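Fold and contact review
Take a look at the letters that make up each chain.
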Amino acid sequence: MILDLDIGNTLSKWRLKDTQSSEIRSRGAVWTREEWRPGADIPDLDVVESVRISSVARAAVLDETVSLLRHRVPHVYVARSTRETLGVVNGYDEPGRLGVDRWMGALAGYQLAGGCCAVDCGSAITVDFVLPGGNHLGGYIIPGLRLMKESLKLGTRNVAIDPESEAEALLEPGRRTVEAVNHGIYMAAVSAINRIYSEVCDQQAVALPMLLTGGDARVVSRGVHVPHAVWPDMVYGGLEACFPLTLAERAGKMSGAPRVPEPVSLEKIRAGLAFSMLL
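Counting starts from 1 at the beginning of each chain's written sequence and moves along it residue by residue. Local features in this predicted model are restricted to residues whose pLDDT is 70 or higher, and side-chain atom pairs enter the listing and the counts only when it is 80 or higher, whereas totals over whole chains, interfaces and linings include all residues. Neither water nor hydrogens contribute to the side-chain values; these are computed over all heavy atoms in the structure.

Next up on the list: the domain arrangement of the chain. Domain boundaries in the chain define domain 1 (2-78) and domain 2 (101-278). Each of domain 1 and domain 2 has a C-alpha centre, and the two are 26 Å apart. Note: buried area is the sum, over both parts, of the accessible area (probe 1.4 Å) each one loses when the two are combined. Of the roughly 1500 Å² buried where domain 1 meets domain 2, counting both sides, 56% is carbon and sulfur surface. For this analysis, a salt bridge means a side-chain nitrogen from Lys or Arg found within 4 Å of a carboxyl oxygen belonging to Asp or Glu. Between R52 and E249 there is a salt bridge, with the nearest N and O atoms lying 2.8 Å from each other. In protein, a polar contact requires one atom able to donate a hydrogen and another able to accept it; more generally it is a pair of N or O atoms within 3.5 Å, and residues adjacent in sequence count only if both atoms are side-chain atoms. Linking domain 1 to domain 2 there are 11 residue pairs in polar contact (both at pLDDT 80 or more). Helix and strand labels come from DSSP, where a helix needs a run of H or I of at least four residues and a strand needs a run of E of at least two; each type is numbered from the N terminus. If you list the elements that add at least two residues to the side of domain 1 that touches domain 2, you get β1 (2-7), β2 (11-17), β3 (24-31), β4 (50-55) and β5 (75-78). The residue classification treats Ala, Val, Leu, Ile, Met, Phe, Trp, Tyr, Cys and Pro as nonpolar and Asp, Glu, Lys and Arg as charged. All others, Gly included, are polar. When its residues are assigned to classes, the side of domain 1 that touches domain 2 shows eight nonpolar, five polar and eight charged. These domain boundaries are the output of an automatic or database domain assignment.

Phi is positive for S22, close to 70 degrees, though the residue is something other than glycine. Mapped onto the secondary structure, S22 falls in the loop between β2 and β3. In this model, A205 sits at a positive phi of 55 degrees, which is unusual for a non-glycine residue. Here A205 lies in the loop between α5 (177-204) and β11 (210-213).

A word on the environment of G174. Structurally, G174 is set in the loop between α4 (167-170) and α5. For the exposure calls, accessible area comes from a 1.4 Å probe over protein chains only, and a residue counts as buried if that area is under 20% of its type's maximum, exposed if over 50%, partly exposed in between. With relative accessibility at 31%, the residue G174 sits in the partly exposed group. When the C-alpha atoms of G174 and L45 are compared, they prove to be 48 Å apart, with 129 residues separating the residues in sequence. Contacts between residues were defined by any pair of non-hydrogen atoms, one from each residue, lying within 4.5 Å. Discounting chain neighbours no more than four positions away, the residues touching G174 are E179, A180 and H183.

Another point: the pairing of β5. Because side chains alternate across β5, one face comprises the buried residues V76 and V78, and the other comprises H75 and Y77, none of which is buried. We call a crossover right-handed when, viewed with both strands directed away from the observer, the connection leading from the first strand over the helix to the second proceeds clockwise. Handedness of the β-α-β unit built from β4, helix α1 (residues 59-70) and β5 comes out right-handed.

In terms of residue burial, strand β8 (residues 116-121) counts as a mostly covered element, since six of its six residues are buried. Because side chains alternate across β8, one face comprises the buried residues C116, A118 and D120, and the other comprises C117, V119 and C121, equally buried. Alignment of β8 against strand β9 (residues 124-130), held across six bridges, turns out to be antiparallel. Considered in β9, the bridge of A118 is made with D128. Two strands qualify as a pair provided that DSSP identifies no fewer than 2 bridges between them.

What follows deals with the sheet that holds β8. Reading across from one edge, β10-β9-β8-β11-β12 is the order of the five strands in this open sheet, with mixed pairing throughout. Sheet topology places β10 (136-143) and β12 (228-230) at the edges, where each strand pairs with a single neighbour. Adjacent strand axes in the sheet meet at a mean angle of 15 degrees, parallel and antiparallel pairs treated alike. For helices, the axis comes from a line fit to the C-alpha atoms of the stretch in contact; other axes are also lines fit to C-alpha atoms, and the angle between any two N-to-C directions lies between 0 and 180 degrees.

The next point concerns the side chain of S198. Structurally, the position occupied by S198 is in helix α5. Apart from the residues within four sequence positions on either side, S198 is in contact with I269 and L273.

Time to look at the UniProt feature "binding site: ATP" (unreviewed entry) in the chain. UniProt positions are given in the numbering used here, feature names are shortened, and annotations may be inferred rather than shown by experiment. The positions UniProt marks with the feature "binding site: ATP" (unreviewed entry) are D6, I7, G8, N9, T10, L11, S12, K13 and S123. Spanning 118 residues, the annotated positions come together in the fold, the maximum distance between their C-alpha atoms being 13.9 Å. Turning to its location among the elements, T10 is positioned in the loop between β1 and β2. By relative accessible area, T10 is classed as partly exposed at 44%.

Moving on: the pattern of salt bridges. In this structure the tally under the stated criterion is 17 salt bridges. A salt bridge links R72 to D46, with the nearest nitrogen and oxygen atoms 3.5 Å apart. You can see R72 sitting in the loop between α1 and β5 and its partner D46 sitting in the loop between β3 and β4, a full 26 residues away along the chain. D202 is the partner of R270 in a salt bridge, and the nearest nitrogen-oxygen pair spans 2.8 Å. Here D202 lies in helix α5 and R270 lies in helix α9 (residues 266-278), a separation of 68 residues in the sequence. Each member of the salt-bridge network shares a partner with another, and the members are D4, R15, K17, R27, R52, D233, E240 and E249.

The next subject is the UniProt feature "binding site: K(+)" (unreviewed entry) in the chain. Feature annotation in UniProt places "binding site: K(+)" (unreviewed entry) on D120, given in this structure's numbering. Mapped onto the fold, D120 is located in strand β8. On the basis of relative accessibility, which here comes to 18%, the residue D120 falls in the buried class. Residues contacting D120, with those up to four places away along its chain left out, are D101, I125, T126, T213, G214 and V235.

See below:
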């Protein structure tokens, strides 16, 4: 079995993948911590032969995790943000400072679509662009839905936005404080994503497919105007591309990869951008 770990600052996700069939056997999530317990926090390591890790947690967390795993598992692979990988050139002046989860998303998106806008809707919302040809432009970081809600300190942090809500309802004025907060932060998030996408495509004269991932991707997706796909395993896809361990992965197949959305024409993007500037 292969254990894939996506370690965030607050939440860590894992999945077990069959080495022979490339099928996902199980998955889960736990709070990020410095001391891990196999069988409770992560799966029983007796069945694991390889581990792949993407971590944005503090260095001590990664070091403790790797130390534990190397005593129990034959092969441990740790993803790093580098100057160039798999045909993608990192857009950061200091490549190592790009969050590795963003780098994995950019790499996965490029392998799938040959150029993309990768949006990760987690604690923060990150938007990264990779042009056809592999030039990573860099990206944007804005507060995520939960972080924006917590910053308002209005006692609504524990009332989540219903992921089944229609975008039209979420964009209406709220009639209660919790609705006003939820609708306001939703409007802020989706408006920012839509505007960022249009502005960068206009500047670069290219219409890119958009891929969404992260815990809030499903609800954010409802307010994104351009064609897009939700890919929950996009960070895992980057790990698969960087460290292919199964026959399917070596053939370029990433688990759970969606069909690449056909973007609207650049002319339509520019027309919508010009109209928004008149409002």
